[in-house]
Structure formats: structure tokens, C-alpha cells
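Analysis of the macromolecular model
Here are the chains, one letter per residue:
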Amino acid sequence: MATQPPVVSFKHVAKRYGAGPLILDDISFEADRGDFISLIGPSGCGKSTILKLISALSPISGGEIVVEGVAPSEAMEEMFFVFQEPTLLPWLTVEQNVAMPLRLRGSKVQKRDELIAKSLAMVGLAERAAYYPRQLSGGQKMRVSIARALSLSPRILLLDEPFGALDEMTRDHLNEELLAIRQQQEWTAFFVTHSVAEAVFLSNRIMVLSANPGRLHEEVRVDLPYPRTEETRQSREYQKLVAHVSKLLRSVERLRDQAPAAATA
């Protein structure tokens, strides 16, 4: 049986901004359909830059990236970027904020309304469709941002520390919700986080990056079964993986502290 080609392929990718130092160097990996890949590493290792390269928000300086068989700039409609801040328009309602990318893509009104309703139901905000962002909590605002992404049925979801500003309980709950949604929409995810526990809970693969410049230090496979729940967090296997990835992160942070300073990303 023929295997499917990777969804995203990095081949010896390098990135620098202008004449500055290398941010990323010799990054090579492949992502298969349905992968949930977390990127973790010290500040300045280029985690967010990798998302920008996949989404064509920034050009590569060397190497090659292929997304769904084409250059990233040709695959932009296949993906959606969820930033650390919800980036909602304060003068629009929840429903109108979710509708914005659909309107920009010219979706028909009836189809648009169906997609908005389905997306808000997925994130548990159907009853708050007429609310304005100022009436929502931080976690609810992030749910709106995710609903906006899901309305486009992306094949690739790029998430740059979307829960980083939330308290631990809210973050854990949204992690569980995100995985529940993933069972309904089988997108491939790239997730930037500083939380080892979050990376282990969400991912089937974790890329640990070193810094100065950013390189792939080690990949960790997470074979914990889905669906993952609070019981997963209490399991010995989960806790062992958290300890292992934490040890790797401490080792790359020591390497960063011993190396000359480089520009952050």
C-alpha cells in the first residue's frame, strides 16, 4: 500500500532576518496527516518562526519547505494561524468575529451561517453569539479565536501559545476541549508552548529545540492513548514523559546559557 506524502516537509531549513544572526539552522522533519506536533525550547530558539515559515508569513533563508505538496505561499487556504492574543475586533459580536474570515473568502450567506453556528457549538459558545469581546473572559475570547479558525475547516492549524496567558485550570480545560474538537476535525496541528505538561498532554510528537541558532535537539514520541482526560495527567506514563521532556529542556537551556547571545524569535 502506498503511503501518503507528508503534510509538511522541512529540508535543511535556515532562517535569518536581514543581515542578522541565524535564527534557525538545518531544520529537517516531516509531519504526517493528523499529527499534533508541539514545539518547545528556550526563548529565542525559533519556535514561533517555524510557524511563520509554514504559513508563509516569513520567507526561508535556505533549504526547502513543502506544504501539501506545494510551496507554503500556495497552501495558505489550507491553514489557519491562532495567535497568543485572540485578536478579536471589539466592535463586532462573537458571531461577527467568527464570520470575518468566511466573509473575506466570499462564502455564501447560508453556508456561512451554518459554519458559524457549528463552530460556536464546538467551542461551547453558541449562547454567546451576540456578546461583544468585552463581555467575555480570557478563556472565552480564545474559544472565539479557535472557532474562527475551525469555521474554515483547515487542514493545518498553527497555534502560537494560545493558552499561555490563561490560568492553569482554564488552560487544562481548553486543552481537553481542543483535543475533543480534533476528534471531529482531523487537522494537523503545530503548537508552540513553554509548558512541558501541556505539550505532553496534547501531542503525539514533541520537537525540543535548542537555541543560538535554533536546531532540532531531539524529537519525543508521545504514545499516550486518545482521548486524553484528567486521568491521563494522573498516569505514571504521562508523568514520566513530563519528567523526560523537562530534563531535555533543562539541558538545552544550559547550552543556550553557555552560547553567545542571539536575536530572539
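Residues numbered from 1 in each chain as written. Predicted model: local features only at pLDDT ≥ 70, side-chain atom pairs only at ≥ 80, totals over all residues. Heavy atoms only, no water.

1. Comments concerning the packing of aromatic side chains
Applying the stated criterion to the full structure yields six aromatic pairs. Look at phenylalanine 81 and phenylalanine 83: their rings are 4.3 Å apart centre to centre, the planes differ by 10°, and that puts the pair in the stacked class. Classification of phenylalanine 81 by relative accessible area gives buried; the value is 12%. A network of ring pairs unites the aromatic residues Phe36, Phe163, Trp187 and Phe191 as a single cluster. (Phe/Tyr/Trp six-rings, centres within 6.5 Å; stacked < 30°, edge-to-face > 60°. Buried < 20%, exposed > 50% of the residue type's maximum accessible area, 1.4 Å probe, protein only.)

2. Side note on the packing of helix α2 (residues 94-104) against helix α3 (residues 109-122)
Contact pair α2 / α3: the axes reach a minimum separation of 10 Å and the direction vectors enclose 125°. By the angle class used here, α2 and α3 are oblique. Like other packed secondary-structure pairs, α2 and α3 cross with a definite hand, here right-handed. Between α2, through Val94, Glu95, Val98, Ala99, Leu102 and Arg103, and α3, the contact on the second element is made entirely by Arg112, Leu115, Ile116 and Leu120. When its residues are assigned to classes, the contact of α2 with α3 shows seven nonpolar, no polar and three charged. (Axes fitted to C-alpha atoms, helices over the stretch in contact; angles between N-to-C directions. Helix = DSSP H or I, 4+ residues; strand = E, 2+ residues; numbered from the N terminus. Parallel < 35°, antiparallel > 145°, perpendicular 65-115°, else oblique. Left-handed = near helix turned anticlockwise from the far one by under 90°. Contact = heavy atoms within 4.5 Å. Nonpolar A, V, L, I, M, F, W, Y, C, P; charged D, E, K, R; others polar.)

3. Observations regarding the confidence of the model for the protein
Scored by pLDDT, the protein has a mean of 91; 96% of the residues are at 70 or more. Mean pLDDT across the secondary structure elements of the protein bottoms out at α3, with 87, and peaks at strand β3 (residues 36-40), with 98. (pLDDT = per-residue confidence, 0-100.)

4. A short note on α2
Those residues of α2 not exposed but buried are Val94, Asn97, Val98, Ala99, Pro101 and Leu102. On its buried side, α2 packs onto β5 (79-82), α3 and α4 (138-150). One or two steps after α2, the chain reaches glycine 106, where phi turns positive at roughly 75°.

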